Amino acid sequence: MERNANIIRKTKETDINMSLTLDGTGKSDVKTGIGFFDHMLEGFAKHGFFDLTVSVNGDLNVDGHHTVEDTGIVLGTAIKEALGDKVGIKRYGSFILPMDDALCLCAIDLCDRPYLSFKCDFPVERVGNLDTELVKEFFYAVSYSAGMNIHLKMMSGSNAHHMVEAMFKAFGKALDEAVSYDERITGVLSTKGAL
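Since we're looking at a predicted model, the values are computed, not measured. Sequence order as written defines residue numbering, which begins from 1 separately in each chain. Residues qualify for local features only when their pLDDT is at least 70, as the model is predicted, and side-chain atom pairs are given and counted only at 80 or more; totals for whole chains, interfaces and linings, by contrast, use all residues. Where side-chain values are given, they derive from all heavy atoms of the structure, hydrogens and water being excluded.

Right, let's talk about the state of the cysteines for a bit. Cysteine sulfur atoms are paired as a disulfide whenever they fall within 2.5 Å. Scanning the model with the defined rule gives zero disulfides in all. Cys106 takes part in no disulfide bond, and the closest cysteine sulfur to it belongs to Cys104, at a distance of 6.3 Å. Throughout this description, buried means an accessible area under 20% of the type-specific maximum (1.4 Å probe, protein chains only), exposed means over 50%, and partly exposed covers the range between. Judged by relative accessible area, Cys106 falls into the buried class, the value being 0%. Distance from the sulfur of Cys120, which forms no disulfide, to the nearest cysteine sulfur (Cys104) is 7.6 Å. Cys120 sits in the buried class, given a relative accessible area of 15%.

What follows is the structure, given as structure tokens:
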């Protein structure tokens, strides 16, 4: 059974159309209007082996906040929908990803309880045309709409481009592990019997 989701979300601030396949090959087609953000989502898809198509028409004349946050909401929704009942998945995933000076730890739990721990101080306010403060907003939106714990910790780093990119790639790798199947798991991986 292919695990995928197609989500359309329209508000007065953004118009988003997204398609996500969890068991993909890493191909992507991303157009958010924010070039560096496109690059980050492409990296997430490539390194997580997800197929991702994203089209966003946002109010960039205001700023990038609504575009980035709402894309996070839609991605989280797509992950949750594509996962379905979560039977047989590992549930947990983690990865420590190096990118030159940057070293990022990402750990997640697909437990249906949203929580974000974000430990990173970026040295600059912008990378390309992406405000670095929006990186936290993106992952917060993903965690709440997907119902997942996300812990992101920048263990070292001085170049903001590398730091942000390490986060997105580490998240892709950790999510790939968490959504993967383990034949030893019957039902869902929880003593409660439900996620």
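After presenting the structure, the write-up continues.
Attention now goes to the packing of helix 1 (residues 35–48) against helix 2 (residues 65–83). Under this scheme, a helix contributes an axis fitted over its contacting stretch, all axes are lines through C-alpha atoms, and angles between N-to-C directions fall in the 0 to 180 degree range. A run of DSSP states H or I qualifies as a helix once it reaches four residues; a run of E qualifies as a strand once it reaches two. Both are numbered from the N-terminal end. One can describe the packing of helix 1 onto helix 2 by two numbers: an axis separation of 12 Å at closest approach and a directional angle of 20°. Accordingly, the angle class assigned to the pair helix 1 and helix 2 is roughly parallel. Of the two possible hands of crossing, helix 1 and helix 2 adopt the one that is right-handed. On the side of helix 1, the interface is formed by Phe37, Leu41 and Phe44, while helix 2 contributes Thr67, Val68, Thr71 and Leu75. Polar here means any residue other than Ala, Val, Leu, Ile, Met, Phe, Trp, Tyr, Cys and Pro, which are nonpolar, and Asp, Glu, Lys and Arg, which are charged; Gly is therefore polar. Grouping the amino acids of the contact of helix 1 with helix 2 by side-chain chemistry returns five nonpolar, two polar and no charged. When describing relative orientation, an angle under 35 degrees is termed roughly parallel and one over 145 degrees roughly antiparallel, while 65 to 115 degrees is termed roughly perpendicular and anything else oblique. Crossing handedness is defined as follows: a turn of the near helix away from the far one that is anticlockwise and smaller than a right angle gives a left-handed crossing, while the clockwise case is right-handed. We call two residues contacting when some pair of their heavy atoms lies within 4.5 Å.

What follows deals with the side chain of His162. Mapped onto the elements, His162 comes out in helix 4 (residues 160–179). For the purposes of these results, a polar contact is taken to be a pair of N or O atoms within 3.5 Å, where, inside protein, one atom must be able to donate a hydrogen and its partner to accept one; residues adjacent in sequence count only when each atom of the pair is a side-chain atom. At 2.6 Å, the side chain of His162 and the side chain of Asp101 are in polar contact. Among residues more than four places away in sequence, those in contact with His162 are Met99, Asp100, Asp101 and Ala102.

Next up on the list: the sheet that holds strand 7 (residues 115–119). Here a strand pair is declared whenever DSSP counts at least two bridges between the two strands. Here we have four strands laid out as an open sheet, ordered 5-6-10-7, and mixed in their pairing. On the outer flanks of this sheet lie strand 5 (92–99) and strand 7, each paired with one strand and no other. Taking the axes of each pair of neighbouring strands and ignoring which way they run, one obtains an average angle of 10° across the sheet. Two elements, strand 7 and strand 10 (residues 149–156), share five bridges in a ladder whose sense is parallel.

A few words now on the pairing of strand 6 (residues 102–109). The pairing of strand 5 with strand 6 spans eight bridges and is antiparallel. Its bridge partner lying in strand 6, Met99 is registered against Ala102. Between strand 5 and strand 6, which pair antiparallel in sequence order, lie two residues; one of them, Asp100, sits at a positive phi of approximately 55°. Of the pairings in the sheet, the one linking strand 6 to strand 10 comprises seven bridges and is antiparallel in character. Considered in strand 10, the bridge of Ile108 is made with Ile150.

Another aspect to go through is the nonpolar core. Think of a nonpolar core as a cluster: buried Ala, Val, Leu, Ile, Met, Phe, Trp, Tyr and Cys residues, connected wherever their side-chain atoms sit within 4.5 Å. Among the nonpolar cores identified, the biggest contains 61 residues, and Leu52, Phe139, Met148, Met167, Phe168, Phe171 and Leu175 are the most heavily contacted of them. The element that contributes the greatest number of residues to this core is helix 4, accounting for 12 residues. Residues contacting Leu52, with those up to four places away along its chain left out, are Met18, Ser19, Leu20, Lys27, Ser28, Asp29, Val30, Leu41, Phe44, Ala45 and Leu75.

The subject of this paragraph is the side chain of Ser145. As for its placement among the helices and strands, Ser145 is situated in helix 3 (residues 133–146). Within polar-contact distance, the side chain of Ser145 engages the backbone oxygen of Ile73 at 2.9 Å. Only 2.8 Å separates the side chain of Ser145 from the backbone oxygen of Ala141, close enough to count as a polar contact. Those residues in contact with Ser145 that lie beyond four places of it in its chain are Gly72, Ile73, Gly76, Thr77 and Lys80.

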